[in-house]
Amino acid sequence: MNQMSMDVGTALGSSEAVADAAPKMTARNVAVSYGATQALRGVSIDVSTENVTAFIGPSGCGKSTFLRCLNRMNDTVASARVTGEIQLDGKDIYAPDMDVVQLRARVGMVFQKPNPFPKSIYENVAYGPRIHGLARSKADLDGVVEQSLRRAGLWDEVKDRLADSGTALSGGQQQRLCIARAIAVNPEVILMDEPASALDPIATAKIEELIDELRGKYAIVIVTHNMQQAARVSQKTAFFHLGSLVEYGDTREIFTNPREPRTKDYITGRYG
Amino acid sequence: MTERLATGAPTAWGSDAMQNRIRRRYRQERLFRGLGIAALALAGGFLLFLLTTIVASGWNSFRATEVQMAVTFDPARLGVDAAAAKADPNLLAKANFQGIMGDASDAQFGRGVRIVSDGAWLTLRDMAQADPSILGTTQTVWLLTTSNIDQLAKGAFDLTIDAADLPVTATEIALWKRLNSEGKLRTGLNALFLTGADSVDPELAGIWGALKGSFLMLIITLVISFPLGVLSAIYLEEFAAKNRWTDIIEVSINNLAAVPSIIFGLLGLAVFLNTLNMPRSAPIVGGLTLALMTFPVIVIASRAAIKAVPPSIRDAALGIGASPVQVVFHHVIPLALPGMLTGTILGMARALGETAPLLMIGMRAFLTSVPQGFTQPATALPVQIFIWSDNVSRGFVEKTSGAIIVLLLFLLLINGLAIYLRNKFEVRW
Ligand SMILES: Nc1ncnc2c1ncn2[C@@H]1O[C@H](COP(=O)(O)OP(=O)(O)OP(=O)(O)O)[C@@H](O)[C@H]1O
Ligand SMILES: [Mg+2]
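Reading the values: rules and limits
- Residues numbered from 1 in each chain as written.
- Chains lettered and ligands numbered in written order.
- Predicted model: local features only at pLDDT ≥ 70, side-chain atom pairs only at ≥ 80, totals over all residues.
- Heavy atoms only, no water.
- Helix = DSSP H or I, 4+ residues; strand = E, 2+ residues; numbered from the N terminus.
- Rg over C-alpha atoms; globule rule 2.2 N^0.38 Å.
- Buried < 20%, exposed > 50% of the residue type's maximum accessible area, 1.4 Å probe, protein only.
- Contact = heavy atoms within 4.5 Å.
- Lys, Arg positive; Asp, Glu negative; His and termini not counted.
- Charge placed at Lys NZ, Arg CZ, Asp CG, Glu CD.
- Phe/Tyr/Trp six-rings, centres within 6.5 Å; stacked < 30°, edge-to-face > 60°.
- Donors = N, O, S within 2.8 Å, 3.2 Å for Na, K, Ca; no water.
- Core = buried A, V, L, I, M, F, W, Y, C linked by side-chain atoms within 4.5 Å.
- Pairing = 2+ DSSP bridges.
- Expected span 1.5 Å × (residues − 1).
- Arc of directions from axis to C-beta.
- Polar contact = N/O pair within 3.5 Å; in protein donor to acceptor, adjacent residues only side chain to side chain.
- Domains from an automatic or database assignment.
- Buried area = accessible area lost by both parts, 1.4 Å probe.
- Near = heavy atom within 4 Å.
- Nonpolar A, V, L, I, M, F, W, Y, C, P; charged D, E, K, R; others polar.
- Salt bridge = Lys/Arg side-chain N within 4 Å of Asp/Glu carboxyl O.
- Disulfide = S-S within 2.5 Å.
- pLDDT = per-residue confidence, 0-100.

All right, on to the overall build of chain B then. Looking only at helices and strands, chain B has 18 helices and three strands in total. Computed over the C-alpha atoms, the radius of gyration of chain B is 31 Å, more than 25% above the 22 Å expected from 2.2 N^0.38 for a compact globule of 429 residues. Judged by the C-alpha coordinates and their principal axes, chain B covers about 110 × 65 × 40 Å. Here chain B holds 429 residues, and 43% of them are scored as buried. If you take every contact in chain B between residues at least 6 apart in sequence, the share linking residues at least 24 apart comes to 76%. Chain B carries 34 positive and 30 negative side-chain charges, and their two centres are separated by 11 Å.

Next up, the structure:
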């Protein structure tokens with residue numbers, strides 16, 4: 001147990017959590033129920049641009065559910081009911097005058113299961129910039145596509161086959177394609193639901209580099225089952241368990257000195 | 001079982017009980033395959049039988065028999081002035097070609113013996129109008145024979161039985177034998193069958209009138225039911241709230257698809273003819289009636305196609321800020337299009353073969369002209385088949401099968417188109 005704790009400890013990233021200027025997104029007392037089942041209750045978290053936030057917790061504890069509240073993707077689930085308050089730049093995103101379409105362009109998402117469009121690799125990445133009119137010319141768009149694919153660490157593998165279908169890529173490549181697609185829109189907040197679950201160590205390192213690079217410019221939330229990864233890339237960590245937020249704080253604190261015994265058990269792998 | 005799993009003893013694959021079970025499994029597999037093949041063979045056999053009977057009795061309708069005879073284009077008998085007619089061939093339009101044809105027939109085959117079809121004078125008129133210089137001369141021409149001679153030439157009658165039991169007279173048989181031996185009969189392509197409309201004389205009856213009626217109707221049906229059906233399906237699947245009202249609408253549409261077609265005919269009669277006073281027997285009314293019938297089919301097929309689009313694709317598009325309409329038009333429709341088109345085309349194929357509702361709105365009129373527009377009286381191919389099948393004359397029996405061949409060919413064409421479009425637009429994953 002101590003050994004594991006040590007391992008995670010050594011994985012901790014070099015960057016310390018810095019004081020938040022002003023949180024990009026704030027969630028207060030958020031609860032979600034799917035029909036009669038309560039999936040999430042009483043979650044309050046701040047997400048900032050300065051710090052990468054990691055969500056950890058056992059399967060089914062509500063990490064994806066909470067993430068989907070932040071860009072209102074739960075609107076598409078007919079049975080989902082969201083209560084509480086979530087703000088983006090101090091504006092309630094569930095307010096009636098909120099433009100959901102614009103919200104989702106500002107709060108981008110990489111889904112847990114890779115879901116490329118059954119279109120070409122190029123089209124997959126170019127779609128977002130195109131519908132939002134972000135590129136002025138074809139050359140401009142080409143540039144956005146290349147840069148996004150490069151940042152997602154996929155460019156070298158696909159640069160000669162941009163016209164191939166995105167669905168013909170391997171699982172890990174699809175995952176990076178989806179990351180490229182999300183960042184191509186230049187969102188202010190990026191929500192990543194297990195973006196490296198199907199990636200080899202090299203591709204994972206690329207994604208972690210990307211996250212590091214984006215930190216400070218974008219607010220990033222990452223869901224992960226990999227403790228080392230959470231420790232490496234994040235400065236803030238939230239531990240969810242059975243639909244509640246158990247502990248939320250600086251990653252260094254959570255991994256070296258958790259307040260809650262449940263957190264400690266989970267991080268050290270004792271959790272059953 | 002759990003005990004054995006718990007003890008970890010290896011499975012006894014060689015035991016008798018196990019071997020018996022394995023043998024039984026293989027036996028069941030063989031039996032099932034055998035049944036499947038038998039069912040397929042039976043269905044194939046029926047299809048083959050159906051097609052061979054229809055083709056055997058129908059292919060002759062695409063051929064017609066002509067007789068060679070000498071016709072004198074006598075201007076006096078025609079009732080025209082030769083010089084004037086040569087200057088203006090249009091004057092020949094009302095000339096008495098029946099007269100000169102009758103004279104020639106009486107002279108060469110005997111008074112009152114009908115060998116040449118009543119409608120064959122049109123050939124003479126066309127000849128004279130194309131080349132008025134033949135006025136005053138005698139020409140050797142090939143003219144369409146009556147259905148009886150045509151049938152004799154095609155060998156439709158069993159001549160070994162008593163002539164009194166045959167629908168042809170002994171005179172006709174004798175004449176046919178004589179003309180045949182003189183080489184004055186020939187059988188060739190029956191252009192009239194493919195270009196004409198209905199007629200009381202089987203040798204003059206064609207399917208073009210009915211076919212065009214069907215086309216005109218299907219255009220109306222497609223133009224009305226495709227956009228309505230697809231838009232309804234998209235709205236119901238992608239935009240409508242899921243509540244009691246949409247449930248009721250869904251059930252109603254499903255029931256509508258199961259309503260017998262004759263009911264739609266009654267509806268068309270009540271609404272389009274009796275209430276809206278639209279013209280009777282017109283393709284527009286037939287098309288609207290068939291559109292009512294095809295609409296639910298298209299809605300159901302389109303909804304199924306839309307449902308089959310994985311929700312993750314919608315999530316992906318919504319997640320980068322596409323609006324619901326963009327999601328539908330950029331992602332859902334392209335993926336659902338093959339299914340929508342297949343459903344639509346199969347619905348159209350069903351509409352093409354539909355008879356009962358058209359009978360209700362008066363599309364079974366006897367029409368000897370090809371319809372010229374959506375509001376002119378018309379009939380439809382299946383209705384034409386129905387009308388001809390009522391006729392016992394040997395010539396119409398042949399025409400019935402001929403029209404069925406044409407209908408089947410068009411259905412084949414439509415289904416082929418459905419398969420082609422499905423493959424063309426199918427997005428490979
Ligand atoms: N669309 C839905 N309808 C009904 N229940 C749902 C739905 N989505 C999630 N749930 C339920 O909500 C709870 C939380 O699910 P969620 O997907 O948020 O878990 P998670 O923490 O992301 O798990 P994992 O790590 O396995 O991805 C689960 O019990 C799940 O069954
Ligand atoms: Mg999840």
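Attention now moves to the packing of aromatic side chains. Residues and elements named next belong to chain B. The tally for this structure, following the rule as stated, stands at eleven aromatic pairs over all chains. A centroid spacing of 5.4 Å and a plane angle of 75° characterise the contact between Phe215 and Phe410, whose relative ring orientation is edge-to-face. In this pair, Phe215 sits in helix H10 (residues 208–239) while Phe410 sits in helix H18 (residues 394–425), placing the two residues 195 residues apart along the sequence. By relative accessible area, Phe215 is classed as partly exposed at 29%.

What follows deals with the coordination of the magnesium ion (ligand 2). Coordination of the magnesium ion (ligand 2) by the protein involves Ser64 of chain A (OG) and Gln112 of chain A (OE1), with metal-donor separations of 1.9 to 2.2 Å. Residue Ser64 of chain A is found in helix H2 (residues 63–70), and its partner Gln112 of chain A is found in the loop between strand S6 (107–110) and helix H4 (121–131); the two are separated by 48 residues along the sequence.

This paragraph deals with the environment of Thr294 of chain B. All names here are of chain B. Following the sequence through the fold, Thr294 ends up in helix H13 (residues 283–307). On the basis of relative accessible area, Thr294 is assigned to the buried category, the value being 1%. With 49 residues separating them along the chain, Thr294 and Gly343 place their C-alpha atoms 9.7 Å apart. Apart from residues lying up to four places away in sequence, Thr294 is in contact with Thr221, Ser225, Gly347, Met348 and Ala351.

Met25, Ile45, Phe55, Phe66 and Phe240 of chain A are the most contacted members of the largest nonpolar core, which has 61 residues in total. Looking at this core element by element, the count peaks at seven residues for helix H15 (residues 324–352) of chain B.

On to helix H17 (residues 381–389) of chain B, then. Across the nine residues of H17 of chain B, seven count as buried, placing the element largely inside the fold. Regarding H17 of chain B, the residues found buried are Leu381, Pro382, Val383, Gln384, Ile385, Ile387 and Trp388 of chain B.

With that settled, the discussion passes to the pairing of strand S9 (residues 236–241) of chain A. On a regular strand, each side chain points to the face opposite its neighbour's, so the side chains alternate between the two faces of the sheet. Residue and element names in this part refer to chain A. Where burial is concerned, most of S9 is hidden: six out of the six residues are buried. Covered by surrounding structure in S9 are Lys236, Ala238 and Phe240 together with Thr237, Phe239 and His241, the residues of both alternating faces. Sheet topology places strand S3 (residues 53–56) next to S9; four bridges connect them, and they run parallel. If you follow Phe55 over to S9, its bridge partner there is Ala238. Between S9 and strand S10 (residues 244–250), which follow one another and run antiparallel, lie two residues, and Leu242 among them has a positive phi close to 50°.

This brings us to helix H8 (residues 201–214) of chain A. Residue and element names in this part refer to chain A. Compared with the 20 Å implied by 1.5 Å per residue over 14 residues, the 20 Å span of H8 between its first and last C-alpha is a close match. Ala203, Thr204, Ile207, Glu208, Leu210, Ile211 and Leu214 are the residues of H8 that are buried. End-on view of H8: buried residues confined to an arc of 155°, all on one side of the axis. In H8, the exposed positions angled more than 90 degrees off the buried face are occupied by Pro201, Ile202 and Glu209. Between a side-chain oxygen at the N-terminus of H8 and the backbone nitrogen of Ile202 the separation is 2.9 Å; the capping residue is Asp200. Immediately downstream of H8, the backbone of Gly216 shows phi near 100°, a positive value.

A few words now on unusual backbone geometry. In this model, Asn186 of chain A sits at a positive phi of 60°, which is unusual for a non-glycine residue. Along the chain, Asn186 of chain A turns up in the loop between helix H7 (171–184) and strand S7 (189–193). Asn186 of chain A gets classed as partly exposed once you look at its relative accessible area, which sits at 48%. Non-glycine residue Asn277 of chain B carries a positive phi angle of around 55°. Within the element layout of this structure, Asn277 of chain B appears in the loop between helix H12 (261–275) and H13. Note on Asn277 of chain B: relative accessible area 61%, which makes it exposed.

A word on the pairing of strand S4 (residues 80–88) of chain A. Residues and elements named next belong to chain A. Looking at chain direction, strand S1 (residues 25–34) and S4 are connected through eight bridges and run antiparallel. Counted as the bridge partner of Ala31 is Thr83 from S4. Pairing of S4 with strand S5 (residues 91–92), which is carried by two bridges, proceeds in the antiparallel orientation. The residue bridging Gln87 from the neighbouring strand is Asp92, located in S5. Here S4 hands over to S5 after two residues, with Asp89 in that stretch at a positive phi of 50°.

Bringing the side chain of Thr289 of chain B into the picture now. Residue and element names in this part refer to chain B. Looking at the element boundaries, Thr289 is found in helix H13. In this structure Thr289 comes out as buried when scored by relative accessible area, which is 0%. Beyond its immediate stretch of four places on either side in the chain, Thr289 contacts Phe264, Gly265, Gly268, Phe272, Pro357 and Ile361.

Moving on to the domain arrangement of chain B. The parts lose accessible area when they come together, and the size of an interface is often stated as this lost area. Residue and element names in this part refer to chain B. Split by domain assignment, chain B resolves into domain 1 (2–58), domain 2 (62–191) and domain 3 (208–425). On a C-alpha basis, the centroid separation for the pair domain 1 and domain 3 is 39 Å. Residue-level contacts link five residues of domain 1 with six residues of domain 3. The largest share of the area that domain 1 buries against domain 3 comes from Ile54, Ser57 and Gly58, three residues that together contribute 82% of it.

All names here are of chain A. Close contacts around ligand 1 come from 13 residues, with Ser59, Ser64, Thr65, Gln112 and His225 the closest. In the environment of ligand 1, an oxygen atom lies 2.6 Å from a nitrogen or oxygen atom belonging to the side chain of Ser64. Sort the elements by how many residues they give to the shell around ligand 1 and H2 lands first, with three residues. Taken together, the residues of the shell around ligand 1 sort by class into four nonpolar, seven polar and two charged.

Moving on, we come to the interface of chain A and chain B. Counting residues at the interface gives 24 residues for chain A, matched by 19 residues for chain B. The three residues of chain A that bury the most area against chain B are Phe117, Pro118 and Tyr127 of chain A, which together make up 30% of that side's buried surface. Linking chain A with chain B are one salt bridge, by the criterion used here. Across the pair Asp315 of chain B and Arg68 of chain A runs a salt bridge whose closest N-O atoms are separated by 3.9 Å. In this assembly, chain A and chain B are joined by five residue pairs in polar contact (both at pLDDT 80 or more). Only helix H3 (100–106), S6, H4 and H7 of chain A provide two or more residues apiece to the side of chain A that touches chain B.

This next bit is on the state of the cysteines. Per the stated rule, a full pass over the model turns up zero disulfides over all chains. Not part of a disulfide, Cys69 of chain A finds its nearest cysteine sulfur in Cys61 of chain A, a span of 13 Å.

Looking now at the confidence of the model for chain A. Looking at chain A, pLDDT values average 88 and 92% of them are 70 or higher. Here residues 1–6 of chain A is modelled with pLDDT under 50, and outside its nearest four sequence neighbours on either side it reaches six contacts, counting other chains as well.

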